[in-house]
Amino acid sequence: MNKMMKKTGRWLLAISCIISACSKTEDNNGTLTVITAAPSDITQTTAVLGGNVTDDGGNNVTEKGICLSDEPNPTITDPNDIFFEMGSGLGAFSDTYEGFEPNATYYVRAYAINSSGTSYGESVAFTTGESEACSVVTLAANANITTNTTWTAGNVYVLDGWVTLSATLTIEPGVVVKFKPNARLNVNSGQVLAEGTAENRIVFTSYKDDNYCGDTNGDGDATSPAKGDWTCVYLNGGNDHMFTYCDFFYAGANDNPYNNAVRISVAGSSFTFDHCVFAHTKSVSSNSASYAFYGGFYMNDNSVSVFTNNVFYDNDRPIYLDVNYNFDPSNSFSNPLNPSEKNTRNAIWTYTSGKSNYTTTYSETEVPYVIDGYYQGALNHTFNIGANVVVKFSTSAGLKKQTSRPLNINASAILTSIKDDTYGGDTNGDGNASSPAKGDWDGIWNGDTQSYMSGANILYADHP
């Protein structure tokens, strides 16, 4: 599945009906009866979905909702499907969903649970509306945007090469931006205000991507989008950039030596990315600068660099940021409609630097953090590693604690080798080619006692 499914407060789906009638009940335990409602108000990106519990069999319904998939007969137990609770008790339930690819087929099924078990309505297939062609506005290679400019809905903006911004660029909800090979948007100063909505996302994608604004390159089915079709959005300056409900697809062309969808540099760290999707980014495994989102040491303060509710999937390494950054656990690292579609080296990758008079807390538990250098902290920097957090270390990496550099590790946290697939999965992306061993990383040095720390949750360190 190439498109995130999300909504404000809950998940959403966009589909058009193939089966228009309400489904017949599939009663799994003989008494609990639930019906899948026919979707209504279908558009390219939105639909109302739900169901109706008509008989509880004498036992209270503790949960009801819908399950979704790109395959027939989704369930609440299949890890490749998703489901959303929509209440309890008898009666009808529905909600508005959005955010799928145009002209794609999905399956919805209502479910209900009581003490007797789980019952499902019939699986109903739906297809999103086709993407309509948009008016094409082409920006020539080496173009400079020097005056305040608005890109308006109903248009597809095609970048023919590098385009530089030094003014305010406002991108309206629903705008599609397509990039020809090696094109990128350079933000050297000014401001980008790309504020989409749940119903009208802003899409940054390949010139070959016919899913948005149709067949812009006019070649029918002769070409398809692929990873690395364009370079990146490059934030090299400016302040208070806003990217909300934006999708970044098929970026990552070689930029010597970078492969990114979004890259932050120098004075470009003042931004908000919220409810955005980063998918299908090209990576070169031997390239140390290949990440879907490259924040580096410029992204070190979450009050300046705001990053919330975003999704990464079908990339190699999803994100690279400063070791001190407080990463928000609202972000996620798999395709919401197909949870098995993740990222190859699925982790939060960090750059080791010092930040004085600051508190950093690691609280993300979906994926591990990777520290690939020796982190000594800085004066009056407090480093907290929270419950069930996994931190992995590369060769010679490690941590230092001291009274002036407090390090607090929850007893349920795991600190281990990057080769350790038992915790946090195959973070180094080599399958079974490597196994963890003592000495894979340095350890945790206590500067007050001049000794290394030990503990049941400190694994494969060289010391002690």
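Everything numeric in this text was worked out from a predicted model, so none of it was measured.

About the thresholds
- Residues numbered from 1 in each chain as written.
- Predicted model: local features only at pLDDT ≥ 70, side-chain atom pairs only at ≥ 80, totals over all residues.
- Heavy atoms only, no water.
- Pairing = 2+ DSSP bridges.
- Helix = DSSP H or I, 4+ residues; strand = E, 2+ residues; numbered from the N terminus.
- Axes fitted to C-alpha atoms, helices over the stretch in contact; angles between N-to-C directions.
- Buried < 20%, exposed > 50% of the residue type's maximum accessible area, 1.4 Å probe, protein only.
- Contact = heavy atoms within 4.5 Å.
- Disulfide = S-S within 2.5 Å.

Caption draft 1: Looking closely at the sheet that holds strand β31 (residues 358–362). The strand order β31-β34-β37 describes an open sheet built from 3 strands, whose pairing is parallel. Each edge of the open sheet is held by one strand with a lone partner, namely β31 and β37 (407–409). When the angles between neighbouring strand axes are averaged without regard to direction, this sheet yields 10°. With 3 bridges connecting them, strand β34 (residues 381–385) and β37 associate as parallel partners. Following the sheet pairing, Ile385 is matched in β37 by Ile409.

Caption draft 2: View of the environment of Thr395. Structurally, the position occupied by Thr395 is in the loop between β35 (390–393) and β36 (398–401). Assessed through its relative accessible area of 61%, Thr395 is described here as exposed. Spatially, the C-alpha atom of Thr395 lies 9.8 Å from that of Ile371, the residues being 24 residues apart in sequence.

Caption draft 3: Up close: the environment of Lys180. Considering the arrangement of structural elements, one finds Lys180 in the loop between β16 (176–179) and β17 (184–187). Along the backbone, Lys180 and Thr127 are 53 residues apart, and their C-alpha atoms lie at a distance of 29 Å. When neighbours within four sequence positions are excluded, Lys180 is seen to be in contact with Val158, Leu159, Asp160, Tyr207, Asp229 and Trp230.

Caption draft 4: Region of interest: the state of the cysteines. What the rule picks out here adds up to 1 disulfide. Disulfide pairing is shown between Cys134 and Cys213; the S-S distance is 1.9 Å. Linking Cys134 and Cys213, the disulfide has an S-S dihedral of approximately -75° and is accordingly described as left-handed. Residue Cys134 is located in the loop between β9 (124–127) and β10 (135–139), and its partner Cys213 is located in the loop between β19 (202–206) and β20 (233–235); the two are separated by 79 residues in the primary sequence. Owing to a relative accessible area of 7%, Cys213 belongs among the buried residues under this scheme. Here Cys232 stays unpaired: no disulfide links it, and the sulfur of Cys246, its closest cysteine neighbor, is 15 Å away.

Caption draft 5: Quick look at unusual backbone geometry. That bond from Asn256 to Pro257 is cis: its omega, 10°, falls within 30 degrees of zero. For Pro257, the position within the fold is in the loop between β22 (246–249) and β23 (262–264). With phi around 50°, Val266 is a residue other than glycine that occupies positive phi space. Its place among the elements puts Val266 in the loop between β23 and β24 (271–274).

As far as function goes, none of this settles anything; it's purely spatial.
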